[in-house]
Each structure stands twice: as C-alpha cells, then as structure tokens.
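Structural characterization, general
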Amino acid sequence: MSRAILFCLLLLPMTAQAAPAPLQTPADAVIGEVALEQRIGAELPLQLVFRNAAGEEVRLGDFFGQGPVLLVPVWYSCPNLCGVTLRGLESGLREVDFSVGKDFRVVAVSVDPEDATAKAAGIRDGLVRNYGRPGAADGWQLLTGEAEAVRDFYRALGIGYSYDRQARQYAHPATIVLATADGRISRYMPGVVFEPQHLRRGLLEAGDGRLGSVVERVLLRCYSYDPATGRYSLLVTDLLRLAGSLTVVLLGGGMLLALWRERRRRRASP
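Residues numbered from 1 in each chain as written. Predicted model: local features only at pLDDT ≥ 70, side-chain atom pairs only at ≥ 80, totals over all residues. Heavy atoms only, no water.

Moving on to the environment of Ala-156. Residue position: Ala-156 is located in helix H4 (residues 147–157). The exposure class assigned to Ala-156 is buried, which follows from its relative accessible area of 15%. Residues Ala-156 and Pro-45, 111 residues apart in the sequence, show an inter-C-alpha distance of 7.1 Å. Filtering out sequence-adjacent residues up to four positions away, Ala-156 remains in contact with Arg-39, Pro-45 and Ile-185. (Helix = DSSP H or I, 4+ residues; strand = E, 2+ residues; numbered from the N terminus. Buried < 20%, exposed > 50% of the residue type's maximum accessible area, 1.4 Å probe, protein only. Contact = heavy atoms within 4.5 Å.)

So this is what it looks like as structure tokens:
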C-alpha cells in the first residue's frame, strides 16, 4: 500500500476513547497518534495568538462572543482530503439559511506551523467567492500560527496528529467542531461531506438560543445527536410525546371553552 493511500485512510474520521498521544511536530508517522477524543463542554484556549489571512496577529477569542463558531482543523498544503473538507463545508453552508459573518463564523487553523498566510488567503478568497453571500468575507477566517499555539489548539479540541518526514505530509482526523459564543465545545461532525440539516441543527444547539425561532429550539429536543457520526436523528418517541401533550392541551382547552359557552348561555336565558 502506497503512502498516499495510507494517509488518505488516516484522514478519515475516527473516534478514540483514550486521550491522544503527545503531539510532536514534526515526527515520524505513528498511526496511534492520529486520534479524536470528543471533549464536548470543554473550554477553548481563547488567549491563543494566530495570524489571519492578511498576516495580522489575532487572538482566537476575537472570533467569539457574538454567535456560534465553526472550527475547522485543516492543512492548507494538503493534497488529499483537507481541501475536500473545506469545499464540502462551504457547499453545505450554502444550503443553510443562517449566514456566515452574520449569524456565526467559520475559523480554520492549519496544523502546519510553516503554512503561509498567502496560501490561506487564496483558499479563503475562493471560499468567500463560492459562498456568494454579501458581508460574509469577515466570517471566513483561515488562520496560521506558531508550533506551540497550533499544538495547544489541537490538544484543546482533542485532536491528535502526526507528520511523516519521508512523505512530507500531516495526518489528522477529518472533522469540524462547533463551539458556543463563550468558547465551549458543543458538537463534533466527523467527515468531509456535511448535510445542511445537520449543520443547521448543530448551529442551533451551539447558538445557545440566539439562532432560530422558539418553535425550532423546542423541536430540536426531538432530535438525538450521535457523537460517532455527528448527525441528528429524529426521536419518534419524543415527537409522539410532544404530539400527545399538544393533543391534551387542545382537548382541555376545547372542553373549557365549551363549559364557558354553556354557562354564558344559561345566564343569558330567562
């Protein structure tokens, strides 16, 4: 099996129960280091400093506080699945009525400390152009950073990665991570293709009540989140329970209305 095929397999989503092995970059490729430990509820290190696509220093916390944030671990020089992940995400978000830059932000961080901001800028411009919504430019942030900041960022997400000197490639799990406005991990969505309805529900959850209507937030309780797949499935029992409760309320309201009308009729009669 060639190294290229091996790394394609390594980039596929995977879930590990144990904590990722110590992150060393670069290092000889060790398959056990490429792992994903979902740390839902964990706080992100918002003090970390990176560079944006314009080469300016920014803090991770600069992109939080106004709405949910969709974090994307990538490698901008990746010849394999990272580009597919970004394009798949942009394609899925195009079908979501919430808008990047207005309702939430997308923040990608390269696993490679040597990735150039010029390359990040080129990828970002393509994503903004394809997304095509006005005012979205500031919502797409592609960051690069020093080795220590990158290492701390990936460790906080529970993502282990490795570097193969001979193949000159990084390997890491393919996933996106949803975070709340105050910097807590909300959900993981492993994979490279993201269905709009799952993205929307994930953003609703991470939005802490800031996105969607009251009805949508109530209906979200009828869906179950599967951490292995990052998908939401309808809970039929909860839906039936909700429908039954509404039926009882309607029947009770109808009976009270009928009694009230009967009393009014009796009082009005001679």
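Okay, the nonpolar core next. Grouped together as the largest cluster of nonpolar side chains are 58 residues, with contacts concentrated most on Phe-50, Leu-71 and Leu-93. Setting aside its immediate chain neighbours within four residues, Leu-93 contacts Leu-70, Val-100, Phe-104, Val-106, Tyr-131, Arg-133, Trp-140 and Leu-199. (Core = buried A, V, L, I, M, F, W, Y, C linked by side-chain atoms within 4.5 Å.)

It is worth spelling out the pattern of salt bridges at this point. Considering all chains together, one arrives at 9 salt bridges under this definition. A salt bridge links Glu-90 to Arg-94; the nearest nitrogen and oxygen atoms lie 2.5 Å apart. In this pair, Glu-90 and Arg-94 are both assigned in helix H2 (residues 81–94), 4 residues apart and thus about one turn of the helix distant. On the accessibility criterion, Glu-90 (4% relative accessible area) is buried. (Salt bridge = Lys/Arg side-chain N within 4 Å of Asp/Glu carboxyl O.)

Our next topic: the side chain of Asp-112. Along the polypeptide, Asp-112 turns up in the loop between strand E4 (105–110) and helix H3 (117–131). With no salt bridge to any partner, buried Asp-112 finds its closest opposite charge in Lys-119, at an N-O distance of 7.7 Å. Polar side-chain contacts of Asp-112 include one of 2.9 Å to the backbone nitrogen of Glu-114. Once residues lying within four places of it in the same chain are set aside, the contact partners of Asp-112 are Trp-75 and Tyr-170. (Lys, Arg positive; Asp, Glu negative; His and termini not counted. Polar contact = N/O pair within 3.5 Å; in protein donor to acceptor, adjacent residues only side chain to side chain.)

Scanning the entire structure with this criterion turns up 7 aromatic pairs. Between Trp-75 and Tyr-170, the aromatic rings sit 5.3 Å apart at their centres with planes inclined by 65 degrees, giving edge-to-face as the arrangement. Placement of Trp-75 in the loop between strand E3 (69–74) and H2 and of Tyr-170 in strand E7 (residues 169–171) is noted, with a sequence separation of 95 residues between them. The class of Tyr-170 is buried, set by a relative accessible area of 5%. (Phe/Tyr/Trp six-rings, centres within 6.5 Å; stacked < 30°, edge-to-face > 60°.)

In a disulfide, the sulfur atoms of two cysteines are covalently bonded to one another. Counted according to the given criterion, the structure contains 0 disulfides. Unpaired in terms of disulfides, Cys-78 finds its nearest cysteine sulfur in Cys-82, a separation of 3.7 Å. On the accessibility criterion, Cys-82 (3% relative accessible area) is buried. (Disulfide = S-S within 2.5 Å.)

Moving on, we come to the sheet that holds strand E9 (residues 185–190). Strand order in the open sheet formed by 5 strands is E5-E4-E3-E8-E9, and the pairing between neighbours is mixed. Since the sheet does not close on itself, it has two edges, and those belong to strand E5 (140–143) and E9, each with one partner. The sheet shows a mean angle of 20 degrees between the axes of neighbouring strands, direction not considered. Note: strand E8 (residues 175–179) against E9, 5 bridges, orientation antiparallel. Across the sheet, the residue bridging to Ile-176 is Met-189, located in E9. (Pairing = 2+ DSSP bridges. Axes fitted to C-alpha atoms, helices over the stretch in contact; angles between N-to-C directions.)

Any functional reading would require information that these geometric values do not contain.
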